[in-house]
Every structure is written in C-alpha cells, then in structure tokens.
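One-letter residues, chain by chain:
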Amino acid sequence: MVPPMPPPQPPAHAGASPEANAGASGSGSNPGDRSVGSPQASAGADPPQSMRPLSPTFVPQARGGGRPLSPHQARQLMDSAYLAAATALLWAGLYFLPIGSPFFRLALPLPLTLLQLRHGGRCAVEGVAVSVLLLIALMGPIRGPLMLFPFGLLALWLGWAWRRGSSWWLSLSVAAVIGTGGFLVRVAVLSVLVGENLWVLLTSVAAGLLDRLAGLVGSSTTFDLSVVQLVAVLLLLIQNFVVS
C-alpha cells in the first residue's frame, strides 16, 4: 500500500513583501554575478594597469630598474636628442639641397653650441656623438663623420669659449683656424675618394689671384709654389674668419 504524500510546504518568504523576496533572491545568487552586475562592486574594483591615469608627480624610470631620472636629467636627455637631430638635419641639407649653403654653414655649429651653454661639455660631447651616429646611418660611414671637421669641433670650441666668457676675438680666431683645418681634412678625404688631388684646384685659384695682383702693380714676378700654397691657406683663414 502506497503511503500518503506529505502536504506541500508554503514558500519561506510567502508572507514577506516583494522587496524582501527580491533581497533574499539577490543574497542567494552567484557572487560572481553580483560582482559583475552590482555598480558598487564594479566601482570598487581596481582598474587595469594600462587604464590607470598617470600621477601628477610621474617621474620617468631609468632602464634596468635603477634610480629614477630627475627632471634636470630628463631635460638634458631631451635637449641632447633634439639638438643632435637638428645638427644632423642641417648637415644633410648642406649636402643635398642645392640652395641655402651659406645659411647651413652658419647654422651648423649653433645647436651643439647651445647644448653646451645650457648643460655643459659632457652633454655637448654626447650630442656630437649622437649626431655622428645618426649621420652614419643616414649618409654612410664616409660623409657622416665628416661633420666633425670642422663643425663638430667648432661647436665644442665655441660652446667652451662662450661658456667661460672668452673674448670674441679669441673665440673667432681659433674658430677660423679650426674651420681651415677641417676644410683641409675634408679636401684630403674627398681627394682619396675621387682619386684626384683637389688641393691643386685651390693652389690654381691662389696662383690666379697672385697673377692678377702682380698685373695691377705692373710686375711680372713668377711666384714659387710654396708662396702660392701659403696664399691659399691665408684665403681659407680669411674665409673661415668671415663665416665664423
């Protein structure tokens, strides 16, 4: 004989209000669903690392987890990069653009000179090194390092002299000597690359100038080769002094 079925039990919250039933059903739901659907839970959760705003006192970190860079060091790094890139662009423009050569010659030492005036000789040397490396990547291993002769050395000298308050006559005179030496180095390198002695062109120009001067004074003197070369060097010194 089958036993009788027990009577059905009323629901636990049958007499409660709908708000209480809703609260009870919410309390028995899945915690994961509550964390997703609840605004309070989502507001209290930490945002991902990539979405967190930067702190107003954010300081760039050094590589390798070292000591963070100070604002002065960060400014030095930025100035060195930008001014070295400006020098490299001026040198590339001097080589590749058909116009503006005098402007590029005048402006080439200025970025690195300004870098030395602002941050000292160490940053200026770093800027020269960065410019040379950038020009090697852009123009090759021959024409890139030629920026040192004379413009890289000229920038270092002018920055050193102006930072210490040297006189204009001293700084410009030494700058003219550096410019002349750098021009001679470039002539020697280009002569090796071309396979011809380009110094002959300069001596021929100097010889023509001496012949014109001798004609003006009514003399028919024949000048020695050493005198002609000395006049060529003097012309280079005058030109670099004017340009400096």
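Everything that follows concerns the structure shown earlier in this document.
Owing to the predicted nature of the structure, the values given are computational and were not obtained by experimental measurement. (Residues numbered from 1 in each chain as written. Predicted model: local features only at pLDDT ≥ 70, side-chain atom pairs only at ≥ 80, totals over all residues. Heavy atoms only, no water.)

Observations concerning the overall build of the chain
Okay, step 1: From N to C terminus, the chain includes eleven helices and zero strands.
Okay, step 2: Along the chain, helices (α) and strands (β) appear in the sequence α-α-α-α-α-α-α-α-α-α-α when read from the amino end.
Okay, step 3: Scored against the burial criterion, the 244 residues of the chain give a buried share of 27%.
Okay, step 4: Sequence-distant contacts in the chain: of pairs separated by 6 or more residues, those separated by 24 or more amount to 61%.
Okay, step 5: By element, 68% of the accessible surface of the chain is carried by carbon and sulfur atoms, the whole surface being about 16,400 Å². (Helix = DSSP H or I, 4+ residues; strand = E, 2+ residues; numbered from the N terminus. Buried < 20%, exposed > 50% of the residue type's maximum accessible area, 1.4 Å probe, protein only. Contact = heavy atoms within 4.5 Å. Areas by Shrake-Rupley, 256 points an atom, 1.4 Å probe, with all protein chains shown as cover.)

Focus: the packing of aromatic side chains
Okay, step 1: Scanning all chains against the criterion turns up six aromatic pairs.
Okay, step 2: Taken together, a centroid distance of 6.3 Å and an interplanar angle of 15 degrees make the contact between Trp169 and Phe241 stacked. Remark: Phe241 occurs in helix α11 (residues 225-243) and Trp169 occurs in helix α9 (residues 168-194); sequence separation between them is 72 residues.
Okay, step 3: A relative accessible area of 65% places Trp169 in the exposed class. (Phe/Tyr/Trp six-rings, centres within 6.5 Å; stacked < 30°, edge-to-face > 60°.)

Digging into the side chain of Gln116
Okay, step 1: Looking at the element boundaries, Gln116 is found in helix α6 (residues 110-119).
Okay, step 2: What makes Gln116 buried here is its relative accessible area of 5%.
Okay, step 3: When sequence neighbours within four positions are dropped, the list of residues in contact with Gln116 reads Gly121, Ala124, Ala155, Leu156, Gly159, Trp160 and Arg163.

Let's talk about helix α8 (residues 151-163)
Okay, step 1: In this model α8 runs 18 Å from its N-terminal to its C-terminal C-alpha over 13 residues, within 8% of the 18 Å that 1.5 Å per residue would give.
Okay, step 2: Buried within α8 are the following residues: Phe151, Gly152, Leu154, Ala155, Trp157, Leu158, Gly159 and Ala161.
Okay, step 3: For α8, the elements touching its buried residues are α4 (71-96), α5 (101-107), α6, α7 (121-139) and α9.
Okay, step 4: Downstream of α8 by one or two residues, Gly165 has phi in the positive range, about 70 degrees. (Expected span 1.5 Å × (residues − 1).)

Quick notes on α7
Okay, step 1: In this model, α7 (19 residues) spans 26 Å end to end at C-alpha, consistent with the 27 Å of a helix rising 1.5 Å per residue.
Okay, step 2: Taken residue by residue, α7 has Cys123, Ala124, Gly127, Val128, Ser131, Val132, Leu135 and Met139 as its buried positions.
Okay, step 3: In the core, the buried residues of α7 are packed alongside α4, α6 and α8.
Okay, step 4: A positive backbone phi angle near 100 degrees is found at Gly140, which sits one or two residues after α7.

Some remarks on the side chain of Asp79
Okay, step 1: Looking at the secondary structure, you find Asp79 in helix α4.
Okay, step 2: For Asp79, a relative accessible area of 8% corresponds to the buried category.
Okay, step 3: Excluding residues that lie within four positions of it along the chain, Asp79 makes contacts with Ala84, Leu115, Arg118 and His119.

Details of the environment of Ile178
Okay, step 1: Structurally, the position occupied by Ile178 is in helix α9.
Okay, step 2: For Ile178, a relative accessible area of 22% gives the class partly exposed.
Okay, step 3: Along the backbone, Ile178 and Leu154 are 24 residues apart, and their C-alpha atoms lie at a distance of 6.4 Å.
Okay, step 4: Once you skip the residues sitting within four places of it in the chain, Ile178 turns out to touch Pro150, Leu153, Leu154 and Trp157.

It is worth stressing that arrangement in space is one thing and function is another; only the former is reported here.
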